[in-house]
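Listed below, chain by chain, are the residues.
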Amino acid sequence: AQSVAQPEDQVNVAEGNPLTVKCTYSVSGNPYLFWYVQYPNRGLQFLLKYITGDNLVKGSYGFEAEFNKSQTSFHLKKPSALVSDSALYFCAVSRDMNRDDKIIFGKGTRLHILP
Amino acid sequence: NAGVTQTPKFRVLKTGQSMTLLCAQDMNHEYMYWYRQDPGMGLRLIHYSVGEGTTAKGEVPDGYNVSRLKKQNFLLGLESAAPSQTSVYFCASSYLRLSRDGYTFGSGTRLTVV
């Protein structure tokens, strides 16, 4: 069975500093990995995904994520945080073994960027 | 380009009342999903559909029913609402590959059962 863990409920970062939101996963076979962002009173928005290829994936709004197979991690990063990055971030994992494979979401990490 | 539209956006129900949440997508997606989001619990899958006329149970299906009579619509019903069903409900859809392309989400329905 697939699972995904986001070990931090909340991350606080000063504006302009680099940020990291952590994610680890467990899946049999090759994983598909996703990051989504949720702003207040909005649905989840797709940020980026890893399917195959380059371990460093670039996404929307200057975010990137690094796939690390040996550590089963897919941490979200940004070199310089903005106050507008404050939101709830979800890591998600799936695989493509059969028709019923679904995306499993983590519990979310709330990111606070301090001015 | 509407994407995924959920109606209503807000609703207050009394215990025991029934209601239907509507999800409509205009992207010709095959797969549709209903999630509920609760603090500290993340997103939990209620029911999903892999095509018109099909439905399947997710992680937390009890107390809910769904129907997918038309490809573009996915309805979530609460027959007898309970306070435990107070939550934010999200609909999502995806194209052919169930997991490869990610999901497109609606903006949510905030339901309060009193």
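Caption draft 1: Spatial organisation of the packing of aromatic side chains. Across all of its chains, the model carries 15 aromatic pairs over all chains by this definition. When the centroid spacing of 5.7 Å and the interplanar angle of 80 degrees are considered together, the rings of Y36(A) and F105(B) count as edge-to-face. Of this pair, Y36(A) sits in strand β5 (residues 32-38) while F105(B) is found in strand β10 (residues 104-105), placing the two residues in two different chains. In this pair, the class of Y36(A) matches that of F105(B), namely buried. Judged by centre distance (5.5 Å) and plane angle (85 degrees), the rings of F105(A) and Y35(B) are edge-to-face. Here F105(A), found in strand β11 (residues 104-105), pairs with Y35(B), found in strand β4 (residues 31-38), and the two come from separate chains. Residue Y35(B) is classed as buried on the basis of its relative accessible area, which comes to 1%.

Caption draft 2: Summary view of the pattern of salt bridges. Scanning the model with the defined rule gives six salt bridges over all chains in all. The closest approach of N and O atoms between K78(A) and D85(A), which form a salt bridge, is 2.8 Å. Here K78(A) and D85(A) have matching classes, each one buried. Salt-bridge contacts for R44(B) lead to D38(B); the nearest nitrogen and oxygen are separated by 2.9 Å. Side by side, R44(B) and D38(B) carry an identical accessibility label, which is buried. Several salt bridges share partner residues, and in doing so they unite R36(B), D38(B) and R44(B) into one network.

Caption draft 3: Here's a closer look at the environment of W35(A). Residue and element names in this part refer to chain A. Note that W35 resides in strand β5. W35 sits in the buried class, given a relative accessible area of 0%. Along the primary structure W35 and V93 are separated by 58 residues, whereas in three dimensions their C-alpha atoms are 9.0 Å apart. Engagement of the side chain of W35 in a polar contact is seen with the backbone oxygen of F74, the distance being 2.9 Å.

Caption draft 4: Local environment of the state of the cysteines. All names here are of chain B. According to the stated counting rule, one finds two disulfides over all chains in the structure shown. With its sulfur 1.9 Å from that of its partner, C23 forms a disulfide with C91. Between C23 and C91 the sulfur-sulfur dihedral comes to about -75 degrees; the bridge is accordingly left-handed. You can see C23 sitting in strand β3 (residues 19-25) and its partner C91 sitting in strand β9 (residues 87-94), a full 68 residues away along the chain. Residue C23 is classed as buried on the basis of its relative accessible area of 0%.

Caption draft 5: Molecular detail of the interface of chain A and chain B. At the interface, 23 residues of chain A touch 22 residues of chain B. Buried surface at the junction of chain A and chain B, summed over both partners, amounts to about 1900 Å²; 52% is from carbon and sulfur atoms. Taken together, the connections running from chain A to chain B amount to zero salt bridges. Seen at the junction of chain A and chain B, the total is three residue pairs in polar contact (both at pLDDT 80 or more). Listed by contribution, the elements that provide at least two residues to the side of chain A that touches chain B are β5, β6 (44-50) and β10 (87-94) of chain A.

What counts as what
Residues numbered from 1 in each chain as written. Chains lettered and ligands numbered in written order. Predicted model: local features only at pLDDT ≥ 70, side-chain atom pairs only at ≥ 80, totals over all residues. Heavy atoms only, no water. Phe/Tyr/Trp six-rings, centres within 6.5 Å; stacked < 30°, edge-to-face > 60°. Helix = DSSP H or I, 4+ residues; strand = E, 2+ residues; numbered from the N terminus. Buried < 20%, exposed > 50% of the residue type's maximum accessible area, 1.4 Å probe, protein only. Salt bridge = Lys/Arg side-chain N within 4 Å of Asp/Glu carboxyl O. Polar contact = N/O pair within 3.5 Å; in protein donor to acceptor, adjacent residues only side chain to side chain. Disulfide = S-S within 2.5 Å. Contact = heavy atoms within 4.5 Å. Buried area = accessible area lost by both parts, 1.4 Å probe.

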